[in-house]
Amino acid sequence: MEAIFDIPVKGTTHSVLHEVDWKNLPFGRYVSDHMFICQYKNGEWQDPQIKPFQNISVAPTMLALHYGQSVFEGMKAFRMKDGRINIFRIEKHHQRINASLDRMCMPPIPYELFATALQQLVSVDKDWVPEGEDVALYIRPLVFASEAKFGVKVSDEYTLIIMTGPVSTLYQKPIKVKVERHYIRAAKGGVGYAKCAGNYGGAFYATQKAREEGFDNVLWMDAFEHEYIEESGTMNLLFVIDEKLITPPLSDSILDGITRDSLLTIAKDLGIETEERKISISEIVKALDDGCSVEAFGAGTAAVVAPISVIGVDGELYHLPTYTNGSVMNKLKKALEAIRSGRTEDKYGWNCVV
Ligand SMILES: Cc1ncc(COP(=O)(O)O)c(C=O)c1O
C-alpha cells in the first residue's frame, strides 16, 4: 500500500532505542521515539505531523477530561520472516475506530489519513519493531476532545495522536478468570461496542476485586440475566467444546475484536465447525462436569490468545486441561502467526507491508 501523501517529519535528536531490553518487553513499558499528531478544527483534520514523542500541554477545562469523549485503538505491526514490516488489518481497525467515534459524537478519520499516518510513523520508527516469536510493535491511535470549555457539550475540537512501542504478549502464562455476576461492563443500547475510555475505567473496580481474590481477570456476563458470557478484560472469548468453536455473537455490548474475527475466518478455512451464538456459563460448567473436551481462551491484539486454566464460578474453581500443540487454540494461533509473519500466503489481504 502506497502512502497517499507525505506527512512532515521532525526526527528526534535523543533516541531512547538503546534503552530497550529486547529480551524483556513487558506490555506498555517502552514508547518508541516518534508520535503522529493531528488536530480537528473548523470541521476538518489538519496539520498532520510526525515528531519526537513528548508530553503535550492541555487546558484543565479540556472537554475529554470531564465528559469522556475519548476513543482509541490497539493494533500491531510485525517483523516478517524476510525482515519487512507488516501492519495488521488497517482497514478493519479503521472501520472500528470510526464506529467508536460515531458512537461518541466524534468526527470520523478519513482512511487515507489513518493509513498514511500509520505507515509513515511505523517506517520512521522501523528499528523499534522487534523480531521473534510473540513480540510486535504495539500501535495506539488515540482521539480525544481537546476543546477547552466548561459546560457539558460535544466538543468542536479533537486531537488524534498515534504512538507505538515494542511489546511481548500480554499474558505469559495461562490465566485464571472469575465469572462476574454482580458488576457489569456494558448493557444493551450502551457503549460496550465502542473502544471508548470510559469502558475501561468502568471495568477497573470489578477487575481489581477479582485480582485481590487471585484471578487475572473477570469474565463479564450479560447485564440482564448475568448468565451469558460477553468478554474478558481486553479480549473476546472463544470456547471449544468437543472440537466445535463457539463464541458469543457480536452485539452492542461487546467489542468487535479483530483477533476474534481473524481466528473465526481461519477456523472456517481449516474446516473447524464454528458457532457465533449466546453461550451461558452453565453450558461451560456442564460440559466440564460431563467430561467433554473443553478449551477456553481469550483473543485480542495485546494477548493474541490467552489460554484459560481456571474459571471461578460462584465460589467454585473449574480447572481446564493443559493446551497441547494439537489444541484448536494453538492451531488457530499458529495459522494466524504464519499469515502475519509472511510464512503463509495472506489470502485474506490482511497484511499491509510497509
Ligand atoms: C474490551 C475489549 N474486547 C475485546 C478486545 C479484542 O479486540 P482485538 O482483537 O481487536 O484487539 C479488546 C482489545 O482491543 C478490548 O479492549
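The structure under discussion appears in the preceding block.
Residues numbered from 1 in each chain as written. Predicted model: local features only at pLDDT ≥ 70, side-chain atom pairs only at ≥ 80, totals over all residues. Heavy atoms only, no water.

**Student:** Let's hear about the packing of aromatic side chains: which residues, and what values?
**Tutor:** Counted according to the given criterion, the structure contains eight aromatic pairs. Here the aromatic residues Phe78, Phe88, Tyr348 and Trp350 are joined through ring pairs into a cluster of three or more. Lying over the aromatic face of Tyr228, Lys278 brings its terminal NZ or CZ to 4.3 Å of the ring centre. Geometry around Phe88 places Arg340 over its ring, the cationic atom sitting 4.9 Å from the centre. (Phe/Tyr/Trp six-rings, centres within 6.5 Å; stacked < 30°, edge-to-face > 60°. Lys NZ or Arg CZ within 6 Å of the ring centre and 35° of its normal.)

**Student:** Go over the site of the ligand with me, naming the residues and quoting the values.
**Tutor:** Taken together, the neighbourhood of the ligand is formed by 16 residues, with Arg96, Tyr200, Glu231, Thr259 and Thr301 sitting nearest. The separation between an oxygen atom of the ligand and a polar side-chain atom of Lys195 is 2.7 Å. For the ligand, an oxygen atom lies 2.5 Å from a polar atom in the side chain of Tyr200. Protein chains bury 97% of the 380 Å² of accessible surface belonging to the ligand in isolation. The pocket occupied by the ligand, as judged from atoms lying within 2 Å of grid points, is the largest pocket. Contributions of two or more residues to the shell around the ligand are made by strand E11 (235–241), helix H5 (258–269) and strand E14 (294–300). Here the shell around the ligand is built from residues that sort into five nonpolar, seven polar and four charged. (Near = heavy atom within 4 Å. Polar contact = N/O pair within 3.5 Å; in protein donor to acceptor, adjacent residues only side chain to side chain. Areas by Shrake-Rupley, 256 points an atom, 1.4 Å probe, with all protein chains shown as cover. 1 Å grid on protein atoms, 1.4 Å probe; cavity = no way out; pocket = protein on both sides within 12 Å on 5 of 7 lines; lining within 4 Å. Sits in = over half its atoms within 2 Å of the grid points. Helix = DSSP H or I, 4+ residues; strand = E, 2+ residues; numbered from the N terminus. Nonpolar A, V, L, I, M, F, W, Y, C, P; charged D, E, K, R; others polar.)

**Student:** Could you give an account of the side chain of Thr301, naming the residues involved and the relevant values?
**Tutor:** Residue placement: Thr301 occurs in the loop between E14 and strand E15 (304–313). Classification of Thr301 as buried rests on a relative accessible area of 18%. Here Thr301 is in contact with Gly74, Met75, Lys76, His93, Tyr138 and Thr259, once residues within four sequence places are set aside. (Buried < 20%, exposed > 50% of the residue type's maximum accessible area, 1.4 Å probe, protein only. Contact = heavy atoms within 4.5 Å.)

**Student:** Please provide a residue-by-residue account of the layout of surface pockets, values included.
**Tutor:** Any space left empty among the atoms is revealed by the rolling of a water-sized probe across them. What the largest pocket holds in volume is close to 700 Å³. Looking at the largest pocket, it is lined by 33 residues, and the ones nearest its centre are Lys195, Tyr200, Gly233, Thr234 and Met235. Here the lining of the largest pocket takes eight residues from helix H4 (residues 197–212), the largest share from any one element. When the residues that make up the lining of the largest pocket are grouped by side-chain class, the tally is 15 nonpolar, twelve polar and six charged. Two domains each donate at least three residues to the lining of the largest pocket, and these are domain 1 (17–168) and domain 2 (175–341). Taken as a whole, the second largest pocket holds about 350 Å³ of empty space. Of the residues contributing to the lining of the second largest pocket, the split by class is eight nonpolar, two polar and six charged. (Points joined across faces, edges and corners; volume = space filled by probe spheres on them. Domains from an automatic or database assignment.)

**Student:** Give a detailed account of a nonpolar patch on the surface, specifying residues and quantitative values.
**Tutor:** Taken together, the side chains of Ile56, Val58 and Leu65 make up a nonpolar region of the molecular surface, amounting to roughly 260 Å² of accessible area. One can find Leu65 in helix H1 (residues 63–67). (Patch = residues over 30% accessible without salt bridge, like charges linked within 9 Å, V, L, I, M, F, W, Y side chains within 5 Å. Salt bridge = Lys/Arg side-chain N within 4 Å of Asp/Glu carboxyl O.)

**Student:** Before we move on, could you go through the side chain of Asn217 and cite the residues and values that matter?
**Tutor:** Checked against the element boundaries, Asn217 lands in strand E9 (residues 217–220). When its relative accessible area of 4% is taken as the criterion, Asn217 is described as buried. There is a polar contact of 3.0 Å between the side chain of Asn217 and the side chain of Tyr171.

**Student:** If you had to explain the pairing of strand E12 (residues 244–247) to someone new, which residues and values would you point to?
**Tutor:** Judged from the three bridges that link them, E11 and E12 form a sheet pairing that is antiparallel. Note on E12: the bridge partner recorded for Phe239 is Ile246. Where E11 folds back on E12, the antiparallel hairpin that results is connected by two residues, among which Asp242 adopts a positive phi of roughly 45°. Relative to strand E13 (residues 274–276), E12 is paired through three bridges, and the arrangement is parallel. Residue pairing in the sheet places Ile246 in a bridge with Glu275 of E13. (Pairing = 2+ DSSP bridges.)

**Student:** Report on the pattern of salt bridges, specifying residues and quantitative values.
**Tutor:** Within this structure, the stated rule accounts for 21 salt bridges. Between Asp134 and Lys333 there is a salt bridge, with its nearest N and O atoms 3.3 Å apart. Of this pair, Asp134 sits in the loop between helix H3 (111–124) and strand E6 (135–145) while Lys333 is found in helix H7 (residues 328–340), placing the two residues 199 residues apart along the sequence. The salt bridge involving Glu147 is made with Lys149; its shortest N-O contact spans 3.2 Å.

**Student:** Please give an account of empty space enclosed by the protein that cites residues and values.
**Tutor:** Under the defined criterion, the tally for this structure stands at one cavity of 30 Å³ or more. As a volume, the largest cavity reaches approximately 50 Å³. Lining of the largest cavity is provided by Met75, Lys76, Phe88, His93, Ile258, Thr259, Ser262, Thr301 and Arg340. Put simply, the parts of the chain that give the lining of the largest cavity at least two residues each are strand E4 (75–79) and H5. At three residues, H5 tops the list of elements feeding residues into the lining of the largest cavity. Across the lining of the largest cavity, the residue classes tally to three nonpolar, four polar and two charged. Formed jointly, the lining of the largest cavity draws a minimum of three residues from each of two domains, domain 1 (17–168) and domain 2 (175–341).

**Student:** I'd love a proper account of the pairing of strand E2 (residues 44–52), names of residues and values included.
**Tutor:** Where a strand is regular, its side chains alternate between the two sheet faces. Pairing geometry for strand E1 (residues 34–41) and E2, over seven bridges, is antiparallel. In the sheet register, His34 faces E2, and the bridge partner there is Pro52. A loop of two residues connects E1 with E2, the two strands running antiparallel in sequence, and Asn42 in this loop sits at a positive phi of about 50°.

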